[in-house]
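A structural walkthrough
Residues per chain are reported as follows:
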Amino acid sequence: MAKVQVPRIPSSLITPEEVWASRRQWLKQAGMGALGVGAGGWLPSALAAAGPYAGKPNPDYVVMDKLTAEKDVSTYNNFYEFGTGKQDPADYAGKMKTRPWSVVVEGEVAKPRTFDIDDLLKLAPLEERVYRMRCVEAWSMVIPWEGYSLSTLLKQVEPTSKAKYVEFVTAVQPANMPSLNDRIIDWPYVEALRIDEAMHPLTLMVFGVYGKALPNANGAPLRISIPWKYGFKSGKSIVKIRLVEKMPMTSWVKIAPTEYGFYANVNPQVPHPRWSQATERRIGGGVFAPRAKTLMFNGYADQVASLYSGMDLRRNY
């Protein structure tokens, strides 16, 4: 992950996409990342404001890869509550109700609380962070999320010494989620992290993308992004966060424990039982684009490798 000191206008303000994408590439090739502009390297705040979901770009959390097109981000996705096809969330998630919405935070905490989504939006300033996203299916994207570190929320409820894991539970709306009847998963969808993973500053609570509110297909109104892990770890449309002492049984571990491990760290050296994880297909690159080499921890090793010091990452996949 590169630390960038150049000012970036939120991507939602720069149109058309090919213009800002080509300029981003030009800056990278010209080596402009070494130049700072003004105190703190930011453009005037008036230029950075683009509505309630356009966060101030944080240069400490940005990769210089070409962004995935907004259309691809919102229409190529896994959200099995709406179907197993990549287009299904975009086709069927529109009926999901995202207001009113609240998130219960409970378990091993001193101050359990239910947060209204609007309260969460005001809890801390949103940041725009450009993260890589690597799916366990060996495709990837580069996405400008809008949010703030999950630790900001967890500190509000004061985890106890017994809080070893953080569990995320996705909404269940039978009238609006057509694939709940398919029983692909024992609904609701559940994911979890170790407490140190959840408290890591890279772990992001996401409210927007491309300077706009999250589309339903991407997990509105609130999801998690954990960029060094395979995408299925990043729960969508979250309604409950539980801090617990014992490792939770997560949805994919319950379904296929030999294929989807609890940790799910991106690791090109550990193949999935049915395909290699050594390379990936970047969505939007074209049919004939060469596959890219997958990076250890998805390129975030400098930030997160210490979390797994001494662990056998083949066994703890």
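This section reports on the structure supplied with the text. For clarity, every value in this text was computed on a predicted model and none was experimentally measured. (Residues numbered from 1 in each chain as written. Predicted model: local features only at pLDDT ≥ 70, side-chain atom pairs only at ≥ 80, totals over all residues. Heavy atoms only, no water.)

Let's shift gears to the pairing of strand β5 (residues 139-149). Counting buried residues along β5, 11 of its 11 residues qualify, which places the element largely inside the surrounding structure. For strand β4 (residues 127-134) and β5, the ladder comprises eight bridges, and the chain directions are antiparallel. Counted as the bridge partner of E127 is G147 from β5. Of the strand pairs in this sheet, β5 and strand β12 (residues 279-282) are connected by two bridges, and their pairing is parallel. Looking across to β12, one finds that S140 is bridged to R282. Direction of pairing for β5 relative to strand β8 (residues 204-209): antiparallel, over a ladder of five bridges. Within β8, the residue paired with W145 across the bridge is V209. (Buried < 20%, exposed > 50% of the residue type's maximum accessible area, 1.4 Å probe, protein only. Helix = DSSP H or I, 4+ residues; strand = E, 2+ residues; numbered from the N terminus. Pairing = 2+ DSSP bridges.)

Right, let's talk about the side chain of N78 for a bit. Locating N78 in the fold gives a position in the loop between α3 (70-75) and α4 (88-92). You can call N78 buried: its relative accessible area is 17%. Only 3.4 Å separates the side chain of N78 from the side chain of E137, close enough to count as a polar contact. Each residue touching N78, except ones within four places of it in the same chain, is listed here: K86, P89, C135, E137, W139 and K236. (Polar contact = N/O pair within 3.5 Å; in protein donor to acceptor, adjacent residues only side chain to side chain. Contact = heavy atoms within 4.5 Å.)

Moving on, we get to the environment of T114. By the element assignment, T114 lies in strand β3 (residues 113-116). When near neighbours in sequence (up to four residues on either side) are disregarded, T114 contacts S102, V103 and V104.

Right, let's get into the pairing of strand β2 (residues 102-107). The side chains of a regular strand alternate between the sheet's two faces. Here β2 runs beside β3; their pairing, made up of four bridges, is antiparallel. When the bridges of β3 are listed, S102 appears paired with D116. Here β2 folds back onto β3 in antiparallel fashion, the turn holding five residues. With four bridges connecting them, β2 and strand β11 (residues 238-244) associate as parallel partners. Pairing of V104 across the sheet is with K240, part of β11.

A few words on the pattern of salt bridges. For the coordinates displayed, the defined rule picks out 18 salt bridges. A salt bridge links R132 to D65, with the nearest nitrogen and oxygen atoms 3.5 Å apart. Taken together, the positions of R132 in strand β4 and D65 in the loop between β1 (56-62) and α3 put the pair 67 residues apart, joining distant regions of the chain. Classification of D65 by relative accessible area gives buried; the value is 19%. In this structure, R242 engages E167 in a salt bridge whose closest nitrogen and oxygen atoms are separated by 3.1 Å. Note that R242 is positioned in strand β11 and E167 in strand β6 (residues 165-170), a separation of 75 residues in sequence. By relative accessible area, which is 11% here, E167 ends up buried. (Salt bridge = Lys/Arg side-chain N within 4 Å of Asp/Glu carboxyl O.)

The nonpolar side chains of a soluble globular protein tend to be buried, and buried together. In terms of nonpolar packing, the biggest core is built from 83 residues, with L120, L150, M205, F207, W228, I241 and L243 touching the most fellow members. Residue contributions to this core peak at six residues, all from β5. For I241, the residues in contact, after removing those within four places along its chain, are V103, V104, V105, E106, L150, L153, L154, V166, E167 and F168. (Core = buried A, V, L, I, M, F, W, Y, C linked by side-chain atoms within 4.5 Å.)

Strand order in this open sheet of five strands is β3-β2-β11-β6-β7, and the pairing throughout is mixed. Only two strands of the sheet have a single neighbouring strand rather than two, namely β3 and β7 (190-194). Going from strand to strand, the sheet's axes swing by 20° on average, the running direction of each strand aside. Bridge count between β6 and β11: six bridges; the pairing is antiparallel. (Axes fitted to C-alpha atoms, helices over the stretch in contact; angles between N-to-C directions.)

Everything listed here is a matter of geometry and, on its own, says nothing about what the molecule does.
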